[in-house]
Amino acid sequence: MVENCNYEQEGTIIFLLKKKYFGMIVLLYPIILQSASLPGNDLPVPEFAASEDVVSTAGHVRLSWDVPDNAENLAAIEFELQQTSDVAFQKAKTIYSGPDRASFISGLPNGDYRFRVRARLDGEAGGWSTPVTVQVQHQSLRLAFTLLGLGAIVVLATVTLVIVGNRKANIE
Amino acid sequence: MSHQSAILSANIGWILLAILGVLWIWLGRYWGKKAQSMEGFMLAGRNVGLALGVATTMATWITSNTTMLAPQFALQLGVWGMFAYSTASFGLFLFAPLAKRIRQLMPNGYTSGDFIRLRYGKATWLVFLVISIFYGFTWLISMGMAGGILMNALAGIPYEIGMTVILFVCVTYTLFGGLFAVIGTDFIQSVIILIGIVVVGFGIVHSIDFGKTYTHLESESPMLINVLLPASIMAIFNNLLFGIGEIFHSNVWWSRAFAMRKNVGQKAYLLGGLFWLPIPVAAGFIALTGSTLGINITSPDMVGPLVAANVLGSVGAIVVFAVLFCSLASSIDSLLAATSDLITEDIYRKLFNPKASEQNLRKVSAFIIVGLGFLTWLICLPRVGTLATVLFFAGPLVGSTIWPIATGLYWKNASAKGALWAMLLGSGIGLIAYFQLGWYTATLISAAVSMLTVLIFRATVKEDFNWKHLDEPKIQTAGGN
């Protein structure tokens, strides 16, 4: 399911790189990438439900997206979701392709992750959505072990209370 | 709601829904004939034996939360999350001696509310009722939602219709048969659940390459196999205490303690816990294989059913459908019956109409069951969050009841004021933790605050409770018995 995608191979980019505005193109590369597959078709551009960047303290996130209800061939449209750690999506990988409109991602280590999604129909691809950034910042291990210790004390005390109480009740 | 690809055809889904629905309603009517008196309706005649006792304990605790939330834990919190969920069996183990004690101290008791009122007085009782009824609602809502999500994901049945059907079926048969119907259907449901889980377990073990799964997790979701994932370390005792809090305070478990024959409760709860223990580990493990198999998960609470159904194909999906329908029904009916008992006995009879006739109490009880079902349906309509966020919102509230209940049963000098403040402070500070740190810390912090409060009051306020005050005479209704 996970596949790598090399954007330099896309026709639009190669065409632009041949032109004399090479320097400007390099500067505008991230923006160009986002609109690189500007549709030569009428495929709608999906948008993520989260309009702002997301912070996760447990390494998981649920991304959902949608397209306008009045889009043509709505039922047949599939989506391609990409994930990357770099701003320009140069090392992006496709983590989902299919008709669903959400995906749950978990087990992420600390770091910033960027996601984008686009519609696909009959081999053609629409424009990329505005990317969303997920910042994963796990809780501190010190806090985790403090709560683990506290939990152990409370559970131990509760078990002792029940066992001792039960013994005394049996004797009575 | 996000679109999720269905596995079964909608037609098969409807047929399954119709067969299971009609079967439970028919069984509810059949067993309902035994529930002639109010005591029969509420407590199955206080004559439940060991086999039925173990079955109802296990089936009630295998809720949508076991089959859907345990995999969600594994998907969100990795291997520790999977084991953290199985610690909820400790609640059953620890309640086993409590069940025996409850039966000794309150041979004529009806509800957990009765105990709090007689042991700690009216103020603590009112706070307890708020906590208990709120918890009952969140559990009911999480399961109504689970029914809708399940049928939508497996068979493409619209969420609203699936949720409505399962609530309707459970309300109907609980209405007919009370606790007789609940415990009877629990027995059959527990057999279906156990057979289904064994079938799914073998199917998955034969279909999965463990080495490939590990390698995939290591590269794509490394924190899921990292034993130092902070959120999962925090969740271990949080979940254990959540399970203890749920069982210690909820009338679902107290009503069974009252309903079982003398000396049966302790064994039934111990055996029920032992049977339950491996199920969340098995259910959780399959969630970790989802991404390796290329299954897209749109909502974390659906990972278990989706992976099982995808791996095992249409037949597997039918088994999963039946298992989950049974696990949902066995818990929804228990909650409807137990919460209705709590409201009928503790609020209607104790507060408004102490001389109500038996016929009148049956009518009120039926009205409350229907009302609870309708309110749950209304709140479930807009899908408010994932199962975990809905259910664990009640975590800090139930965590605060553990120490007041356990000390109230065993310590003569447990203070009434201490119990009241333990519930208030534990719930309040636990809710702050829920929002500030995360749901996986809230019950733990609440239980710790509650324990500390009980201990401080025990040291400073001197009380000497007479256990005989807990043995309230049988309900004297205008209609007799």
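The structure displayed is predicted, hence computed values, not measured ones. (Residues numbered from 1 in each chain as written. Chains lettered and ligands numbered in written order. Predicted model: local features only at pLDDT ≥ 70, side-chain atom pairs only at ≥ 80, totals over all residues. Heavy atoms only, no water.)

Draft legend 1. View of the overall build of chain A. Scanning chain A from terminus to terminus reveals 4 helices and 10 strands. Helices and strands appear in chain A in the N-to-C order β-α-α-α-β-β-β-β-β-β-β-β-β-α. Considering chain A as a whole, with its 172 residues, one finds that 46% of them fall into the buried category. Working note: accessible area of chain A is about 9,300 Å², and carbon and sulfur atoms make up 56% of it. (Helix = DSSP H or I, 4+ residues; strand = E, 2+ residues; numbered from the N terminus. Buried < 20%, exposed > 50% of the residue type's maximum accessible area, 1.4 Å probe, protein only. Areas by Shrake-Rupley, 256 points an atom, 1.4 Å probe, with all protein chains shown as cover.)

Draft legend 2. Broad picture of unusual backbone geometry. Residues and elements named next belong to chain A. The backbone phi angle of Phe 89 is positive, close to 60°, even though this residue is not glycine. Residue placement: Phe 89 occurs in the loop between strand 5 (78-84) and strand 6 (93-98). The phi angle at Asp 122 is positive, at roughly 50°, despite the residue not being glycine. Mapped onto the secondary structure, Asp 122 falls in the loop between strand 8 (111-121) and strand 9 (124-125). The class for Asp 122 is exposed, based on a relative accessible area of 75%.

Draft legend 3. Here's a closer look at the interface of chain A and chain B. At the interface, 43 residues of chain A touch 50 residues of chain B. Here chain A and chain B share an interface that buries about 4,000 Å² over both sides, 71% of which is from carbon and sulfur atoms. Its salt-bridge partner being Glu 220 of chain B, residue Lys 93 of chain A comes within 2.7 Å of it at the nearest N-O pair. Our count for the contact surface shared by chain A and chain B stands at 14 residue pairs in polar contact (both at pLDDT 80 or more). Listed by contribution, the elements that provide at least two residues to the side of chain A that touches chain B are strand 4 (61-66), strand 6, strand 7 (102-105) and helix 4 (141-171) of chain A. Counting residues per element, the side of chain A that touches chain B draws most heavily on helix 4 of chain A, which supplies 21 residues. Class assignment of the residues belonging to the side of chain A that touches chain B gives a composition of 24 nonpolar, 14 polar and 5 charged. (Contact = heavy atoms within 4.5 Å. Buried area = accessible area lost by both parts, 1.4 Å probe. Salt bridge = Lys/Arg side-chain N within 4 Å of Asp/Glu carboxyl O. Polar contact = N/O pair within 3.5 Å; in protein donor to acceptor, adjacent residues only side chain to side chain. Nonpolar A, V, L, I, M, F, W, Y, C, P; charged D, E, K, R; others polar.)

Draft legend 4. Looking closely at the packing of aromatic side chains. All names here are of chain B. Counted by the stated rule, this structure contains 22 aromatic pairs over all chains. Relative to Trp 139, the ring of Tyr 135 has its centre 5.7 Å away and its plane inclined at 40°; by these criteria the two rings are tilted. Here Trp 139 and Tyr 135 lie together in helix 7 (residues 122-155), a separation of 4 residues that amounts to about one turn. By relative accessible area, which is 1% here, Tyr 135 ends up buried. (Phe/Tyr/Trp six-rings, centres within 6.5 Å; stacked < 30°, edge-to-face > 60°.)

Draft legend 5. How the structure looks around the sheet that holds strand 7 of chain A. Residues and elements named next belong to chain A. The strand order 2-4-7 describes an open sheet built from 3 strands, whose pairing is antiparallel. The sheet is open, and its two borders are formed by strand 2 (47-48) and strand 7, each paired with just one other strand. Of the strand pairs in this sheet, strand 2 and strand 4 are connected by 2 bridges, and their pairing is antiparallel. Each bridged residue has a counterpart across the sheet, and for Glu 47 the counterpart in strand 4 is Asp 66. (Pairing = 2+ DSSP bridges.)

Draft legend 6. Structural view of the pattern of salt bridges. In the structure shown here, the tally under the stated rule is 8 salt bridges over all chains. Its salt-bridge partner being Glu 80 of chain A, residue Arg 120 of chain A comes within 2.5 Å of it at the nearest N-O pair. With Arg 120 of chain A in strand 8 and Glu 80 of chain A in strand 5, this pair connects stretches of sequence that are 40 residues apart. With a relative accessible area of 3%, Glu 80 of chain A lands in the buried category. Notably, a salt bridge pairs Asp 114 of chain B with Lys 350 of chain B, separated by 3.2 Å at the nearest N-O pair. Of this pair, Asp 114 of chain B sits in helix 6 (residues 112-120) while Lys 350 of chain B is found in helix 14 (residues 303-352), placing the two residues 236 residues apart along the sequence.

Draft legend 7. Main features of the pairing of strand 4 of chain A. One ladder, built from 4 bridges, connects strand 4 of chain A with strand 7 of chain A; its direction is antiparallel. Paired with Arg 62 of chain A across the strands is Phe 104 of chain A, a residue of strand 7 of chain A.

Draft legend 8. The confidence of the model for chain A, seen in detail. Residue and element names in this part refer to chain A. On average, residues of chain A carry a pLDDT of 80, and 76% of them reach 70 or more. Taken as a whole, residues 1-18 scores under 50 in pLDDT and shows 36 contacts with residues more than four places along the chain or in a different chain. Every residue in residues 32-40 scores below 50 in pLDDT, and together they form 23 contacts with partners more than four places removed in sequence or on other chains. (pLDDT = per-residue confidence, 0-100.)

Draft legend 9. Representation of the nonpolar core in the model. Grouped together as the largest cluster of nonpolar side chains are 180 residues, with contacts concentrated most on Phe 95, Phe 248 and Phe 321 of chain B. The dominant element in this core, judged by the number of residues it contributes, is helix 14 of chain B, at 22 residues. Once residues lying within four places of it in the same chain are set aside, the contact partners of Phe 248 of chain B are Val 162 of chain A together with Gly 91, Leu 94, Phe 95, Leu 98, Trp 254, Ile 402, Ile 405 and Ala 406 of chain B. If you look at the next biggest cluster of nonpolar residues, it comprises 21 residues, including Phe 48, Val 61, Ile 105 and Leu 108 of chain A. (Core = buried A, V, L, I, M, F, W, Y, C linked by side-chain atoms within 4.5 Å.)

Draft legend 10. Local environment of the pairing of strand 6 of chain A. All names here are of chain A. A large share of strand 6 lies buried, amounting to 5 of its 6 residues. Inspection of the sheet shows strand 5 paired to strand 6 by 5 bridges, in the antiparallel sense. Paired with Gln 83 across the bridge in strand 6 is Lys 93.

Draft legend 11. Structural view of helix 8 (residues 159-207) of chain B. A rise of 1.5 Å per residue sets the reference length of helix 8 of chain B, with its 49 residues, at 72 Å; its end C-alpha atoms lie only 30 Å apart and thus fall more than 12% short of the reference. Along helix 8 of chain B, the helix axis deviates most sharply at Gly 178 of chain B, where the bend reaches about 120°. (Expected span 1.5 Å × (residues − 1). Bend = angle between axes of the 7 residues up to and from the residue.)

Draft legend 12. Geometry of the packing of helix 7 of chain B against helix 19 (residues 416-436) of chain B. Residues and elements named next belong to chain B. The interhelical angle for the contact between helix 7 and helix 19, taken along N-to-C directions, is 30°, at an axis separation of 9 Å. The orientation of helix 7 relative to helix 19 falls into the category roughly parallel. You can see that helix 7 and helix 19 cross each other, and the crossing is left-handed. Taking contact as the criterion, the partners of Ala 123, Thr 124, Val 127, Phe 128 and Ile 131 in helix 7 are, on helix 19, Ala 416, Ala 419, Leu 420, Met 423, Leu 424 and Ser 427. A class-by-class count of the residues in the contact of helix 7 with helix 19 yields 9 nonpolar, 2 polar and no charged. (Axes fitted to C-alpha atoms, helices over the stretch in contact; angles between N-to-C directions. Parallel < 35°, antiparallel > 145°, perpendicular 65-115°, else oblique. Left-handed = near helix turned anticlockwise from the far one by under 90°.)

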